[in-house]
Amino acid sequence: MQLQDILYSQGFGTRRVCAGLVQQGWVSIRGSSSDTQDYEPCVDATAELDPEGLQLQVQGINWPYHAKAYVLLHKPAGTECSQKPSTYPSIYTLLPAPLRQRPTKSAVQGVQAVGRLDQDTTGLLLLSDDGQFIHRMSSPKKHVPKVYQVITKHPVDEKQISSLLAGVVLDDDPKPVKAAACEQTASHRLDLTLTEGKYHQVKRMLAAVGNRVEGLHRSQIGALVLPADLPPGAWKWLSQEDLSLLAQSS
């Protein structure tokens, strides 16, 4: 691929903008087969390069080439999973511009959230520009388990846990929904595993058993656990190992 096309595919702007970045000396590269760890400047926008394993440095920022973007965001409280937020800042403002600008075949550019978390819910959120991946991870038919750490207003008791595991009826569906697993971790805390993704499901399920959610954090999707060293508001590329963990459950 030509360097300007590689930059365009990564979200660094139109092809003209990408060509300008190269010609102005803002782009350095390091190939996967390079014997040195140094980045080498390249001022030829039409230079033919093997994108696989290519490491880019654009305006001083290191950027590994990814044919498709798969990222994990530690969603903080007070953010909305929307491109057009109504009250709180959008989660997309936490991502660098190239991830938001990656060209896609759909009308909306950039990576998209795999499902949504409420504005006050924190934790693991996946984003990608791979439509098949998004569908696979969010489709109710796939039953991908998601683990939520719940803080409740009232003490949790055995009756509530039994009801959550047996199934509760929500107001918009006569078919009971049940937790795949439910473990009490403290008097007012439990880990709840769900395989569906209904609107406000955790809050509505707890309300159905006579309790109330005071805090909600998603700690795990499938076999992928939110890294303990990733602070709220931070993001990371998903590694091949991470993707393999997700594939096990989808």
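For the structure given in this document, a descriptive report is provided here. (Residues numbered from 1 in each chain as written. Predicted model: local features only at pLDDT ≥ 70, side-chain atom pairs only at ≥ 80, totals over all residues. Heavy atoms only, no water.)

1. A few points about the overall build of the protein
Here comes step 1: Tallying secondary structure elements over the protein gives 7 helices and 15 strands in all.
Here comes step 2: Its C-alpha atoms give the protein principal-axis dimensions of roughly 70 × 40 × 30 Å.
Here comes step 3: Counting across all 250 residues of the protein, residues that qualify as buried make up 44%.
Here comes step 4: Considering only intrachain contacts with a sequence separation of at least 6, the fraction spanning at least 24 residues in the protein is 63%.
Here comes step 5: Summed over all atoms, the accessible surface of the protein reaches about 13,100 Å², with 50% contributed by carbon and sulfur. (Helix = DSSP H or I, 4+ residues; strand = E, 2+ residues; numbered from the N terminus. Buried < 20%, exposed > 50% of the residue type's maximum accessible area, 1.4 Å probe, protein only. Contact = heavy atoms within 4.5 Å. Areas by Shrake-Rupley, 256 points an atom, 1.4 Å probe, with all protein chains shown as cover.)

2. Observations regarding the environment of Gln83
Here comes step 1: The topology assignment puts Gln83 in the loop between strand E5 (70-75) and helix H3 (97-101).
Here comes step 2: Along the chain, Gln83 and Ile161 lie 78 residues apart, while their C-alpha atoms are 36 Å from each other.
Here comes step 3: At 3.4 Å, the side chain of Gln83 and the side chain of Gln112 are in polar contact. (Polar contact = N/O pair within 3.5 Å; in protein donor to acceptor, adjacent residues only side chain to side chain.)

3. Digging into the sheet that holds strand E1 (residues 27-30)
Here comes step 1: Here 4 strands make up an open sheet; going across it, the order is E2-E1-E3-E4 and the pairing antiparallel. Two strands lie at the open edges of the sheet, namely strand E2 (40-41) and strand E4 (61-64), each paired on one side alone.
Here comes step 2: Judged from the 4 bridges that link them, E1 and strand E3 (residues 55-58) form a sheet pairing that is antiparallel. Bridge pairing in E3 links Ser28 to Gln57. (Pairing = 2+ DSSP bridges.)

4. Some words on the environment of Ile161
Here comes step 1: Among the secondary structure elements, Ile161 is positioned in helix H5 (residues 158-166).
Here comes step 2: Taking the C-alpha atoms as reference, Ile161 lies 9.2 Å from Ala179; in sequence the two are 18 residues apart.
Here comes step 3: The residues touching Ile161, leaving out its near neighbours within four places in the chain, are Val156, Cys182 and Gln184.

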